[in-house]
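# Descriptive analysis of the structure
One-letter residues, chain by chain:
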Amino acid sequence: MTLTDPRWDDLTNSDWDAFAIAWNAELSGDDSPQPLPELPWLLDDPPTSASEYVVPMNFTASPEAQWKFILAAYWRGNENTHGHLAAGPVEHLLGNHGDDYISLVEQLASDDPLFAAMLGGCYQYRMSDEVWRRLCIARGEDGEPSDARESPS
């Protein structure tokens, strides 16, 4: 059973942008504090950094909310932060909801070579073989990956 916190769906586009900007700044080593919107938290003592919210978001936000974060973080990130996005939120979304989101990923990769390159940071994780095959094609491989590249333990 997955616990989905519907408060993630209440975030505005501005909230997602602020969250993404703060996360990318942290990943880039920017020490200047970036304002965070009020983000959902289920426990006492909420995190103080955007990075501390990303993993819980992967597990408690709806797939639609996760996709909003992926897009915001991608557009506000750079090649140095995109690897974190690929190996975290993108991999998680496609590992759990790949059948519903692989077409959107393929379309964006087709339209944007940098997005396609970013997908090189994804491991198969929990993706079905078919979603993994399509992701490999979207990132420029021939569709027959020689290595499923399980996420490192």
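Now for a look at the structure at hand.

What counts and how
Residues numbered from 1 in each chain as written. Predicted model: local features only at pLDDT ≥ 70, side-chain atom pairs only at ≥ 80, totals over all residues. Heavy atoms only, no water. Phe/Tyr/Trp six-rings, centres within 6.5 Å; stacked < 30°, edge-to-face > 60°. Helix = DSSP H or I, 4+ residues; strand = E, 2+ residues; numbered from the N terminus. Buried < 20%, exposed > 50% of the residue type's maximum accessible area, 1.4 Å probe, protein only. Axes fitted to C-alpha atoms, helices over the stretch in contact; angles between N-to-C directions. Parallel < 35°, antiparallel > 145°, perpendicular 65-115°, else oblique. Left-handed = near helix turned anticlockwise from the far one by under 90°. Contact = heavy atoms within 4.5 Å. Nonpolar A, V, L, I, M, F, W, Y, C, P; charged D, E, K, R; others polar. Core = buried A, V, L, I, M, F, W, Y, C linked by side-chain atoms within 4.5 Å. Polar contact = N/O pair within 3.5 Å; in protein donor to acceptor, adjacent residues only side chain to side chain.

## Concerning the packing of aromatic side chains
Ring pairs (aromatic) are described by centroid distance and by the angle formed between their planes. Counted by the stated rule, this structure contains eleven aromatic pairs. Measuring from ring centre to ring centre gives 5.0 Å for Y74 and F115, while their planes differ by 85 degrees; the resulting arrangement is edge-to-face. Taken as a pair, Y74 in helix α3 (residues 63-76) and F115 in helix α5 (residues 113-118) lie far apart in primary sequence, 41 residues in all. Owing to a relative accessible area of 3%, Y74 belongs among the buried residues under this scheme. For F115, a relative accessible area of 0% translates into the label buried. Linked through ring pairs, W8, W16, F19, W23, W41, Y53 and F69 together constitute an aromatic cluster.

## Considering the packing of helix α4 (residues 79-111) against helix α6 (residues 129-138)
Put simply, α4 and α6 touch, their axes get as near as 9 Å, and they point 25 degrees apart. The angle between α4 and α6 places the two elements in the roughly parallel class. Every pair of crossing elements has a handedness; the one defined by α4 and α6 is left-handed. Residues L94, G98, D99, I102, S103, E106 and A109 of α4 form the contact with α6, whose participating residues are V131, R134, L135 and A138. A per-class count over the contact of α4 with α6 returns six nonpolar, two polar and three charged.

## Some remarks on the nonpolar core
Core analysis: the biggest nonpolar cluster contains 41 residues, and W8, W16, F19, F69, L85, L94 and L119 have the highest contact counts within it. Elements with a contribution of two residues or more to this core: α1 (13-27), α2 (51-60), α3, α4, α5 and α6. If one sorts the elements of this core by residue count, α4 sits on top with ten residues. Apart from the residues within four sequence positions on either side, W8 is in contact with W16, F19, L39, P40, Y53, M57, T60, A61 and A65.

## Considerations on the environment of D5
With respect to the helices and strands, the residue D5 is situated in the segment before α1. Linking D5 and A61, residues 56 residues apart in sequence, is a C-alpha distance of 5.8 Å. Side chain to side chain, D5 and R7 meet in a polar contact 2.6 Å long.

No statement about biological role is implied by the geometric values presented.
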